[in-house]
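Here's the letter readout for the chains.
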Amino acid sequence: SKLGDMKDANFPKDDQGRVYHLGIGPGMVANRIIFVGDTHRAKLLADTIDGFETISDFTPPRQFRIITGNYKGVKISIVGTLMGYPNTDFCVREIRAVTEGPLAIIRMGTCGTPHDLVETGDVVVGRETVGIVRNPDYFRMTDKEREEAAARPYTITRSLKASPEILELLEGKTAAIMKGYKGSTLHFGVNASADSFYSAQGRLDSAFDDKNEVIIDELMERYPETKALEMESFTLFDLADVCKKSKIYVGCLAIVLAQRKRGGFLPHARKVQMVQKIGRAVAETLVELKME
Ligand code: R1P
Ligand code: URA
């Protein structure tokens, strides 16, 4: 039924405890969750993970998507988070607000790669993730101010590790599925989440003075094992790390769409194929994960 009027300015909920943007209340999302940016990918996974039985499929007015189903006797939700840091923040916080006990969230995304040895169509499991954040002040500072503050146009953050319990399962499951597969290779490495698809990912755009010509080189110098460049996993790991309510286990993997060194973009049909291929690895990881 429709969301009611919001009651609380600090953390808005309606009289049934449903949160403002995701529109879910207690019991409307599982504690084991797959995050995807693209809401169509959420549906694709629900339809193609063999044995996944959909119980509910909900799209709130803000166009997130929450599909919940049974897989091997365990409740799993597939959440279409939309793109970027702020949307991920909505999803993690509003899901945390309507659930109790430990959560496990694995992001299954798409990405670009800044790494020579990674090709389009490959899969990258992120053992850790860093953020790349544009520094707006830099663009308005004088040279003297920049020097005094040692300011840079982009901040590359410290890295945050995936939960070892998820990583062990996810690496094993994806490796088993990809074994002997000719079309693409599985990689393990660092994931980097940028706050823009464009500036902070080093894309050049003559319409904007982005000062981002060297950002990819800086990233590779600091984290040479960076193999995936996307927009959400860092926020997920960051919030899990500071969550005080109960533990949030996190992991991430991504299908490589763009080869940023050599050029090239994966055709849509191949992307769909890869989603169908590796979805089961993520679902099985969530089912087998032992949460405290
Ligand atoms: C950009 O095109 C989007 O694709 C990637 C990025 O993280 C960003 O959200 O992931 P998804 O395909 O999961 O959305
Ligand atoms: N998603 C991203 O964030 N970047 C890419 O280059 C491709 C997909």
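Placed above this text is the structure.
Keep in mind that this is a model prediction, so the values were computed, not measured.

**Focus: helix H7 (residues 268-288)**
So, step 1. An ideal rise of 1.5 Å per residue puts 30 Å on 21 residues; H7 measures up with 31 Å between its terminal C-alpha atoms.
So, step 2. Of all the bends in H7, the greatest, near 35°, is centred on Ile278.
So, step 3. Three or more residues of H7 are buried, namely Lys271, Met274, Val275, Ile278, Gly279, Ala281, Val282, Ala283, Glu284, Thr285, Leu286 and Val287.

**Notes on the site of ligand 1**
So, step 1. Around ligand 1 sit Gly37, Asp38, Arg41, Met83, Arg107, Gly109, Thr110, Phe197, Glu230, Met231 and Glu232, and those are all the residues in its vicinity.
So, step 2. Arg107 places a side-chain nitrogen or oxygen 2.8 Å from an oxygen atom of ligand 1.
So, step 3. The contact in question runs from an oxygen atom of ligand 1 to an N or O atom on the backbone of Met231, over 2.9 Å.
So, step 4. Protein chains bury 85% of the 340 Å² of accessible surface belonging to ligand 1 in isolation.
So, step 5. If one sorts the elements of the shell around ligand 1 by residue count, strand S5 (residues 103-113) sits on top with three residues.
So, step 6. Of the residues in the shell around ligand 1, the class split is three nonpolar, three polar and five charged.

**Examining the nonpolar core**
So, step 1. Ranked by internal contacts, the top residues of the largest apolar core, which has 60 residues, are Ile34, Phe35, Ile95, Met108 and Leu253.
So, step 2. Of all hydrophobic cores here, the second largest spans 17 residues; its members include Ile132, Tyr138, Phe139 and Leu229.

**Some points on the site of ligand 2**
So, step 1. Within the structure, ligand 2 sits among Thr110, Cys111, Gly112, Phe197, Gln201, Arg203, Leu229, Glu230, Met231 and Ala258.
So, step 2. With respect to ligand 2, the side chain of Gln201 contributes an N or O atom lying 2.9 Å from a nitrogen atom.
So, step 3. Arg203 places a side-chain nitrogen or oxygen 2.6 Å from an oxygen atom of ligand 2.
So, step 4. A total of 240 Å² of accessible area belongs to ligand 2 in isolation, and the protein chains cover 93% of it.
So, step 5. Of all the secondary structure elements, the ones that give two or more residues to the shell around ligand 2 are S5 and strand S10 (226-230).

**Some details on the packing of aromatic side chains**
So, step 1. Across all of its chains, the model carries four aromatic pairs by this definition.
So, step 2. Taking 6.0 Å as the distance between ring centres and 80° as the angle between the ring planes, the aromatic pair formed by Tyr138 and Phe139 counts as edge-to-face.
So, step 3. Note on Phe139: relative accessible area 16%, which makes it buried.
So, step 4. Measuring from centroid to centroid gives 6.4 Å for Phe139 and Tyr154, while their planes differ by 85°, and the two rings are edge-to-face. Taken as a pair, Phe139 in the loop between strand S6 (123-134) and helix H3 (143-149) and Tyr154 in strand S7 (residues 154-156) lie far apart in primary sequence, 15 residues in all.

**Some points on the pattern of salt bridges**
So, step 1. Tallying each qualifying case throughout the model produces 19 salt bridges.
So, step 2. Notably, a salt bridge pairs Lys72 with Glu284, separated by 3.1 Å at the nearest N-O pair. Of this pair, Lys72 sits in the loop between strand S3 (65-71) and strand S4 (74-80) while Glu284 sits in helix H7, and the two are 212 residues apart along the sequence.
So, step 3. Using a relative accessible area of 11% as the deciding quantity, one classes Glu284 as buried.
So, step 4. Three or more residues are tied together by salt bridges with common partners; here these are Lys72, Lys173, Arg280, Glu284 and Glu288.

**Section: the environment of Asp210**
So, step 1. Within the secondary structure layout, Asp210 lies in the loop between strand S9 (186-194) and helix H5 (215-222).
So, step 2. Separated by 76 residues in the primary sequence, Asp210 and Arg134 have C-alpha atoms spaced 9.2 Å apart.

**What to know about helix H6 (residues 233-242)**
So, step 1. Where burial is concerned, most of H6 is hidden: seven out of the 10 residues are buried.
So, step 2. The complete set of buried residues in H6 reads Ser233, Phe234, Thr235, Leu236, Phe237, Leu239 and Ala240.

**Quick look at the pairing of strand S1 (residues 32-36)**
So, step 1. Taking burial as the measure, the five residues of S1 include five buried ones, the bulk of the element.
So, step 2. Burial along S1 is two-sided: the residues Arg32, Ile34 and Val36 and Ile33 and Phe35 are all buried.
So, step 3. Relative to S4, S1 runs parallel, the two sharing four bridges. Considered in S4, the bridge of Val36 is made with Gly80.

Rules used in this analysis
- Residues numbered from 1 in each chain as written.
- Chains lettered and ligands numbered in written order.
- Predicted model: local features only at pLDDT ≥ 70, side-chain atom pairs only at ≥ 80, totals over all residues.
- Heavy atoms only, no water.
- Helix = DSSP H or I, 4+ residues; strand = E, 2+ residues; numbered from the N terminus.
- Expected span 1.5 Å × (residues − 1).
- Bend = angle between axes of the 7 residues up to and from the residue.
- Buried < 20%, exposed > 50% of the residue type's maximum accessible area, 1.4 Å probe, protein only.
- Near = heavy atom within 4 Å.
- Polar contact = N/O pair within 3.5 Å; in protein donor to acceptor, adjacent residues only side chain to side chain.
- Areas by Shrake-Rupley, 256 points an atom, 1.4 Å probe, with all protein chains shown as cover.
- Nonpolar A, V, L, I, M, F, W, Y, C, P; charged D, E, K, R; others polar.
- Core = buried A, V, L, I, M, F, W, Y, C linked by side-chain atoms within 4.5 Å.
- Phe/Tyr/Trp six-rings, centres within 6.5 Å; stacked < 30°, edge-to-face > 60°.
- Salt bridge = Lys/Arg side-chain N within 4 Å of Asp/Glu carboxyl O.
- Pairing = 2+ DSSP bridges.

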